[in-house]
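# Analysis of the macromolecular model
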Amino acid sequence: MHKYLICLDLDGTLLTDEKKISPYTKKVLSHLKKQGHEIMISTGRPYRASEPYYWELEMTTPVVNFNGAFVHHPQDLYFKTVHEELDLEVAKEIVDRVPDLNIQNIIAEVKDNVYIHYHDEVLFEAFSMGNPQVKIGNLVQNMESGPTSILIQAEEPEVPRIRKALDDLFAETIEHRRWGAPYPVIEIVKKGINKAVGVDYVRGYLGIEQEHTIAFGDEDNDTEMIKYVKHGVAMGNAIEEVKEAADYVTSSNETDGVGKFLNDYFKLNL
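Quick summary incoming for the structure in this document. The structure presented is a predicted model; accordingly, all values stated were derived computationally and were not measured.

### As for the environment of histidine 83
By the secondary structure assignment, histidine 83 is in strand S5 (residues 82-83). Judged by its relative accessible area of 24%, histidine 83 falls in the partly exposed class. Spatially, the C-alpha atom of histidine 83 lies 9.6 Å from that of phenylalanine 66, the residues being 17 residues apart in sequence. Excluding its chain neighbours within four sequence positions, the residues that come into contact with histidine 83 are Ala69, Phe70, Lys111 and Thr148. Within the local environment of histidine 83, its side chain forms a polar contact with the side chain of threonine 148, the two groups lying 2.7 Å apart.

### Here we look at the sheet that holds strand S11 (residues 185-190)
Overall, mixed pairing links the six strands, which are arranged S8-S7-S6-S9-S11-S10 in an open sheet. What marks the edges here is a single partner per strand, and that holds for strand S8 (133-136) and strand S10 (174-178). Each strand axis lies, on average, 20 degrees off the axis of its neighbour in the sheet, ignoring direction. Both strand S6 (residues 105-110) and strand S9 (residues 149-153) contribute to a ladder of five bridges, which runs antiparallel.

### With respect to unusual backbone geometry
Generally, phi is negative for residues other than glycine and the peptide bonds are trans, each holding for most cases. Even without glycine at this site, lysine 19 takes up a positive phi of about 65 degrees. Note on placement: lysine 19 falls in the loop between helix H1 (10-14) and helix H2 (23-34).

### Re helix H11 (residues 257-265)
Considered for burial, the residues of H11 that qualify are Gly257, Val258, Gly259, Phe261, Leu262 and Asn263. Residues of H11 that are buried in the fold lie against strand S1 (5-8), H1, H2, strand S12 (213-217), strand S13 (231-234) and strand S14 (248-249). Phi turns positive one or two residues past the end of H11, at lysine 267, with a value near 55 degrees.

### Focus on the packing of H2 against H11
Where H2 meets H11, the closest approach of the two axes is 8 Å, and the angle between their N-to-C directions is 40 degrees. By the angle class used here, H2 and H11 are oblique. The interaxial crossing formed by H2 with H11 has left-handed handedness. Packed against H2, whose contacting residues are Tyr24, Thr25, Val28, Leu29 and Leu32, the element H11 presents Val258, Gly259, Lys260, Leu262 and Asn263 at the interface. Partitioning the contact of H2 with H11 into residue classes produces six nonpolar, three polar and one charged.

Cut-offs used in this document
- Residues numbered from 1 in each chain as written.
- Predicted model: local features only at pLDDT ≥ 70, side-chain atom pairs only at ≥ 80, totals over all residues.
- Heavy atoms only, no water.
- Helix = DSSP H or I, 4+ residues; strand = E, 2+ residues; numbered from the N terminus.
- Buried < 20%, exposed > 50% of the residue type's maximum accessible area, 1.4 Å probe, protein only.
- Contact = heavy atoms within 4.5 Å.
- Polar contact = N/O pair within 3.5 Å; in protein donor to acceptor, adjacent residues only side chain to side chain.
- Pairing = 2+ DSSP bridges.
- Axes fitted to C-alpha atoms, helices over the stretch in contact; angles between N-to-C directions.
- Parallel < 35°, antiparallel > 145°, perpendicular 65-115°, else oblique.
- Left-handed = near helix turned anticlockwise from the far one by under 90°.
- Nonpolar A, V, L, I, M, F, W, Y, C, P; charged D, E, K, R; others polar.

Now the structure itself:
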């Protein structure tokens, strides 16, 4: 039996809308782990917001956080961590210029430090998972080092226009991806960074052939990963672009899409 690497996005993919792992999908993943396959998280979330699921599934693999900008191993001190920061001056220029684009807020994350430009109780609560140090106020003044990522919150109809402006202004230095529910958010990371880059790094570390890779996703930030792996699987609730990029479409995150696909693919009869 070949060992597979199974890469899991969290929101809208592994997690239900209530942000839980369903019992059936958890059972399937646990069974595959016992068979010797590797299960890993590949998410736009910071580690502190993905850590509970890592331990719930008793993972022993590296984690891809911030859409590939931070790749690390919670249990191996000798693993060579990858942390790709945005240039501080570029980050400050973004913060200076995007308020003119009718945004609602800007958030910068430096690993586990969170900087929020405008005071917002809802955002504060959403980004305080894992008890980071949160500072509210002018990001240009507060940021002391290049951020891992910048998040721009805006009304849904404004998102395409903001993304076009980012391309016009910063195409040479940044990548940007759209998040799904519950927030219309544009995430900005360093140029050349995406989930596929992180997954490739982990795959090499684990010594698994690319032809034995599977990935699940539902949103814009999953597209490169879905295309990179041998078996790219879009959730039933995925956006059309992800479904078009995928090799398969499974059920939704609310109906055990991950568990059902893996059960059928590996013929587990669970």
